[in-house]
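Letter by letter, the chains look like this.
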Amino acid sequence: MRGRCCLTCERGCFLNGTLYSHNQRFDTDFCTHCECQQGSITCETDVCPQLTCSKKFKRDGQCCDECPVCKVGNRLVGHNQLVMINACRRCLCFNGELPQCQTRRCGPLQCQLEAQYRPPGRCCNVCRRMYCSLMFRWK
């Protein structure tokens with residue numbers, strides 16, 4: 001009406017003994033995030049991924065469970081991932097352990113043992129390239 005002052009009142013929200021103001025965001029736990037809107041509370045819950053490990057754990061302050069990782073030297077390897085231990089050996093990280101490892105088998109070479117060598121970072125020996133040196137005779 002003309003000549004009157006209209007007041008707008010932003011309504012707060014009350015939940016579990018706590019009063020939240022309009023537009024205030026808050027968490028009810030590590031997984032549930034809420035907001036107060038004019039006296040109504042709307043919440044969203046985090047969706048956690050399906051895990052394939054059997055030894056799950058939850059870090060402090062986190063919502064979702066995690067699978068344990070494997071420590072190989074100074075590297076961390078995730079659950080169900082292959083890791084090269086060295087050039088000849090690879091293992092599967094499973095539940096924080098390395099229970100399944102495979103060692104590469106090297107096949108026979110078509111050169112004498114004296115002509116074989118192992119290049120850096122390789123698992124198996126290889127044959128050295130043989131260079132023919134021709135003897136020239138000057139007349």
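Quantities reported herein were computed from a predicted structural model and do not represent experimental measurements. (Residues numbered from 1 in each chain as written. Predicted model: local features only at pLDDT ≥ 70, side-chain atom pairs only at ≥ 80, totals over all residues. Heavy atoms only, no water.)

A short note on the pattern of salt bridges
Thought 1: Tallying each qualifying case throughout the model produces four salt bridges.
Thought 2: A salt bridge links Glu35 to Arg25; the shortest N-O distance between them is 3.9 Å. With a gap of 10 residues between them, Glu35 in strand E4 (residues 32-37) and Arg25 in strand E3 (residues 25-27) connect regions that are remote in the sequence.
Thought 3: For Glu35, a relative accessible area of 18% gives the class buried.
Thought 4: Look at Arg25 and you get exposed, because its relative accessible area is 66%.
Thought 5: Here Lys55 ties to Glu97 by a salt bridge, and the two come within 3.1 Å at their closest N and O atoms. With Lys55 in the loop between strand E5 (40-45) and strand E6 (70-72) and Glu97 in strand E10 (residues 97-103), this pair connects stretches of sequence that are 42 residues apart. (Salt bridge = Lys/Arg side-chain N within 4 Å of Asp/Glu carboxyl O. Helix = DSSP H or I, 4+ residues; strand = E, 2+ residues; numbered from the N terminus. Buried < 20%, exposed > 50% of the residue type's maximum accessible area, 1.4 Å probe, protein only.)

Remarks on the side chain of Asn95
Thought 1: Along the chain, Asn95 falls in the loop between strand E9 (89-94) and E10.
Thought 2: At a separation of 3.2 Å, a polar atom in the side chain of Asn95 contacts the main-chain amide nitrogen of Lys55.
Thought 3: Ignoring anything within four residues of it in the chain, the contact list for Asn95 reads Cys53, Ser54, Lys55, Pro68 and His79. (Polar contact = N/O pair within 3.5 Å; in protein donor to acceptor, adjacent residues only side chain to side chain. Contact = heavy atoms within 4.5 Å.)

Thoughts on the sheet that holds E9
Thought 1: The three strands lie next to each other as E8-E9-E10, forming an open sheet whose pairing is antiparallel. Each edge of the sheet is formed by a strand with only one pairing partner; in this case those strands are strand E8 (82-86) and E10. This sheet shows a mean twist of 35 degrees between the axes of neighbouring strands, independent of strand direction.
Thought 2: Bridge count for E9 against E10 is five bridges, and the pairing is antiparallel. From the neighbouring strand, Cys91 faces E10, where its bridge partner is Cys101. (Pairing = 2+ DSSP bridges. Axes fitted to C-alpha atoms, helices over the stretch in contact; angles between N-to-C directions.)

Overview of the packing of aromatic side chains
How two aromatic rings sit relative to each other is given by the distance of their centres and the angle of their planes.
Thought 1: The tally for this structure, following the rule as stated, stands at one aromatic pair.
Thought 2: Between Tyr20 and Phe26, the aromatic rings sit 3.6 Å apart at their centres with planes inclined by 10 degrees, giving stacked as the arrangement.
Thought 3: Assessed through its relative accessible area of 14%, Tyr20 is described here as buried. (Phe/Tyr/Trp six-rings, centres within 6.5 Å; stacked < 30°, edge-to-face > 60°.)

Some points on the sheet that holds E4
Thought 1: Pairing is antiparallel across the open sheet formed by three strands, whose spatial order is E3-E4-E5. Each edge of the open sheet is held by one strand with a lone partner, namely E3 and E5. Neighbour-to-neighbour, the strand axes of the sheet open up by a mean angle of 25 degrees, direction not taken into account.
Thought 2: Where E4 lies against E5, six bridges are found, and the strand directions are antiparallel. The partner of Cys34 across the bridge, within E5, is Cys43.

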